[in-house]
Amino acid sequence: MPLRVSEALVRGIQAESDAGDNLIVRGIAAFGALTAVVVLAAGSAGAATHAGKGVTIGVYPSSTTIRGSGAPGGSPASSVSLGAAIGEQEDSVILVRGAGQVQITDPRIDSPLALDLFFAHYVSFGGTLVPDALLPWDGAARQAEQPNQPLWLRITVPQGTAPGNYTGSVTVVADGVSRQVPIIVKVFAVTLPAPNQVQGSLLTGFHVAAQSYGNAVAKRYGLTQSSQMQGTAPTLYRFLASYRISPSSWGYGAPDDRTGYSTNKRWWHDSAANMVAEVGDRAFAAMSIPVSNNRTAPANYIAGLSPNAPQTWCSYLQSVHSFWQDHGWLDSYPYLYGMDEPGLPGFKVVAQQAQVLHSCFPGGHVVVTGNPSEENRFLWNGGSDDVDVWAVLASRYYGQYTVPTLSKEGVSRAAEKLKLIDAVRARGKSIWAYTYPGTKTPSFTATEPLSDSQLFFLWASLEDVDGVLYGEGTTTYQTGVDPYQSVAKDGAFVLLYPGRDEPVPSARLEQIRDGIENWEILNIVRRKRGSSTVRKILGETGLFSATARGVQLGCTVGCTVKTATPFSWPVYSHDATTPARLQQAKLQALTDAS
């Protein structure tokens, strides 16, 4: 079903802004009715303005997949219309097509909102050009890189902003012809938690290679002074905090030996000063306790401690705990991720890790990637060696196909894994999730639909998942390759680019932040109206095969819906209609959370 926005609706919102009234969503009883009030969705067909011969200017949702040429999915609007929570950042894309040169002049937005501009730079991912690197921009004239040139607008709604309607505009100049693009932002009476607040936040742990990032910055911008290099990691961590992302690794802030944090005249060995510079006044909601996991080469073990010998950890953990206590970091969610996807022998080591952590680092939580099972029940039977957090691969969350002979006997395997997840939840354990490329669920690559990077977090909301772990990496650049030219592995290991003053975000990172923020809005909905309302929002907007009563699973055979995957998973939207559906769901969530 096409989703459209009329200019009359935009004018109506402007009138409400003048009157100071609240935007009220009416008559939302079915999917079709909801489309009538989507101020965030792409506008009516033909809404793009023609700047000059063969040049068009149109506004698209920020989750729209855009390539170097050809019309993107969805219909463009002629104005930016956004709904936002207090403390949130929202993006929109102005797509200029067919121009040789582009420029933005006179950007403005009502105070206290802030407006930032970005020029989307094309990067090659296995030969596919994607406008992924969002270069900070003052709007000065630039050559378009491809026939389709996206220009990004980011609007920040600071904490303490009063609910209401805010307006602004930018003027887009394409090949010398200018068009004004109005901006209308409806700020709802919904406040997001601060990025470092544990309560109400989606907890995250993203792998970060701070050394790789610093080396890339030094090479690209010619840094030669030690003080310049020393500043790259704190800048990187502050940047991640602004995206509500907590790192699962601390780079130069990780201790060198078993005594814990120490000072050193060589700054790269000064773990105490580096950690303080990276964390500051506890910038993160979740904080990774620095211990290596089984994927780390022995030569690179943090503090020289083996993940397979937790009996040697206690004095080290006590030292780290004391250091964190001195700096006021223990009110975060401290966790230790010491084993990745272990088999039964590894799970037995995890039990030892948990026993030591709970004894030597009070308040610490053990995270393990894998599924709870009858085989590892000793990790969730209520003992001091229990795992606190089960991080489950999204494709292994529910179950799998059921052969017809079993179906005839009344047996279904579609939710066999979910039953055990529910069992550990009932025992007070937390469930996180993770993803990686090739699993046939949404992930963060540059070559899949851009909306997937946001949709993964909405799935986490659908299933009331408490946190997201991402181990592929954010700053793992290829040696000798300029990441602004080419990135390997579809971008799964690169979510940001080296910047002179601070990192440069990818379009995917913007969607990841939007997904985290939308999870937090839906979490408010869950607390106020229950999980059934969250499922209803995500189901009625067509993002997932779900209703208020539950999630409908698909697989090759033996599931409610027939799909192409042997594992069971809800059908999810990942086509040209998805950006508008995402914005539908956002608007409904904001309304229900208000």
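Each remark here, short or long, concerns the structure printed above.
Worth saying up front: this structure is predicted, and the values here are computed from it rather than measured.

**Q** Give a detailed account of the overall build of the chain, specifying residues and quantitative values.
**A** Tallying secondary structure elements over the chain gives 14 helices and 27 strands in all. Taken over the C-alpha trace, the chain has a radius of gyration of 24 Å; the compact-globule value for 594 residues is 25 Å, and the two agree within 12%. Residue pairs in contact within the chain that sit at least 24 positions apart in sequence constitute 72% of those at least 6 positions apart. Taking the 45 positively charged and 48 negatively charged side chains of the chain as two groups, their mean positions are separated by 5 Å.

**Q** Quick one: what's the story with the state of the cysteines, residue by residue and with numbers?
**A** Chemically, a disulfide is nothing more than a covalent bond linking the sulfur atoms of two cysteines. Going through the model one piece at a time under the given rule, you end up with two disulfides. There is a disulfide in this structure between C314 and C360, and the S-S distance comes to 2.0 Å. Note on the C314 and C360 pair: the S-S dihedral is about -100°, so by sign convention the disulfide is left-handed. Separated by 46 residues along the polypeptide, C314 in helix α7 (residues 314-326) and C360 in helix α8 (residues 344-360) bring together distant segments of the chain. Judged by relative accessible area, C360 falls into the buried class, the value being 6%. A sulfur-sulfur separation of 2.0 Å characterises the disulfide bridge that pairs C555 with C559. Taking the torsion about the S-S bond as the criterion, the C555 to C559 disulfide, at about 105°, is right-handed.

**Q** How would you sum up the sheet that holds strand β25 (residues 553-555)? Please name residues and give values.
**A** Taken together, four strands build an open sheet; the order of strands is β17-β27-β25-β26 and the sheet is mixed. Sheet topology places β17 (399-400) and β26 (561-562) at the edges, where each strand pairs with a single neighbour. In this sheet, strand β27 (residues 567-570) lies alongside β17 in antiparallel orientation, the contact comprising two bridges. Bridge assignment links G399 to a residue of β27, and that residue is S568.

**Q** Mind laying out the pairing of strand β14 (residues 333-340), listing which residues take part and the relevant values?
**A** Counting buried positions along β14 gives eight out of eight residues, so the element sits mostly inside the fold. Note that strand β13 (residues 286-288) and β14 share three bridges and pair parallel. When the sheet's bridge partners are listed, A286 is paired in β14 with Y333. Between the parallel elements β13 and β14, the chain passes through α7 in a crossover that is right-handed. Relative to strand β15 (residues 365-369), β14 runs parallel, the two sharing five bridges. Residue pairing across strands places Y335 opposite H365, the latter belonging to β15. Tracing the backbone out of β14, into α8 and back to the parallel element β15 gives a crossover that is right-handed.

**Q** How would you summarise the environment of S322 if you had to cite specific residues and measurements?
**A** Take S322: it is sitting in helix α7. The sequence separation of S322 and F361 amounts to 39 residues, and the corresponding C-alpha distance is 9.0 Å.

**Q** Explain the nonpolar core to me, using residue names and the numbers behind them.
**A** Proteins that are soluble and globular tend to have nonpolar side chains buried together. Among the nonpolar cores identified, the biggest contains 122 residues, and L317, W324, W459 and F544 are the most heavily contacted of them. For F544, the residues in contact, after removing those within four places along its chain, are L455, L458, W459, L462, L538, G539, W569, P570, V571 and Y572. Listed in part, the 31 residues of the second largest apolar core include L113, L115, F119 and V181.

**Q** Quick one: what's the story with the pattern of salt bridges, residue by residue and with numbers?
**A** Applying the stated criterion across every chain yields a total of 20 salt bridges. With its nearest N and O atoms 3.8 Å apart, the salt bridge here joins D422 to R425. With D422 and R425 both in helix α10 (residues 416-426) and three residues apart, this pair spans about one turn of that helix. Taking the relative accessible area as the measure of exposure, R425 reaches 24% and is therefore partly exposed. D514 is paired through a salt bridge with R513; the nearest N and O atoms lie 3.0 Å apart.

**Q** Provide a residue-level description of unusual backbone geometry, including the pertinent values.
**A** Following S111, the chain continues to P112 via a peptide bond in cis, the omega torsion being 5°. For P112, the location among the structural elements is in the loop between β5 (101-109) and β6 (114-125). Positive phi, close to 55°, is recorded for R282, a residue that is not glycine.

**Q** How would you explain the sheet that holds β14 if you had to name every residue and give the values?
**A** Pairing is parallel across the open sheet formed by seven strands, whose spatial order is β12-β19-β18-β16-β15-β14-β13. Looking at which strands have only one partner, the edges of the open sheet turn out to be β12 (203-206) and β13. Strand-to-strand twist in this sheet, taken as the mean axis angle between neighbours without regard to direction, amounts to 30°. With respect to the sheet, α8 is in contact with β14, β15 and β16 (389-393), its orientation differing from that of β15 by roughly 165°.

**Q** Break down the packing of helix α11 (residues 452-462) against helix α12 (residues 507-529) for me, citing the residues and quoting the values.
**A** Interaxial distance between α11 and α12 falls to 7 Å at its minimum, and their mutual angle equals 20°. The angle between α11 and α12 places the two elements in the roughly parallel class. Crossing geometry of α11 relative to α12 is assigned as right-handed. Within the contact between the two elements, α11 uses S453, Q454, F457, L458, A460 and S461 and α12 uses R508, Q511, I512, D514, G515, I516, N518, W519, L522 and R526.

About the cut-offs
Residues numbered from 1 in each chain as written. Predicted model: local features only at pLDDT ≥ 70, side-chain atom pairs only at ≥ 80, totals over all residues. Heavy atoms only, no water. Helix = DSSP H or I, 4+ residues; strand = E, 2+ residues; numbered from the N terminus. Rg over C-alpha atoms; globule rule 2.2 N^0.38 Å. Contact = heavy atoms within 4.5 Å. Lys, Arg positive; Asp, Glu negative; His and termini not counted. Charge placed at Lys NZ, Arg CZ, Asp CG, Glu CD. Disulfide = S-S within 2.5 Å. Buried < 20%, exposed > 50% of the residue type's maximum accessible area, 1.4 Å probe, protein only. Pairing = 2+ DSSP bridges. Right-handed = clockwise from strand over helix to strand, strands pointing away. Core = buried A, V, L, I, M, F, W, Y, C linked by side-chain atoms within 4.5 Å. Salt bridge = Lys/Arg side-chain N within 4 Å of Asp/Glu carboxyl O. Axes fitted to C-alpha atoms, helices over the stretch in contact; angles between N-to-C directions. Parallel < 35°, antiparallel > 145°, perpendicular 65-115°, else oblique. Left-handed = near helix turned anticlockwise from the far one by under 90°.

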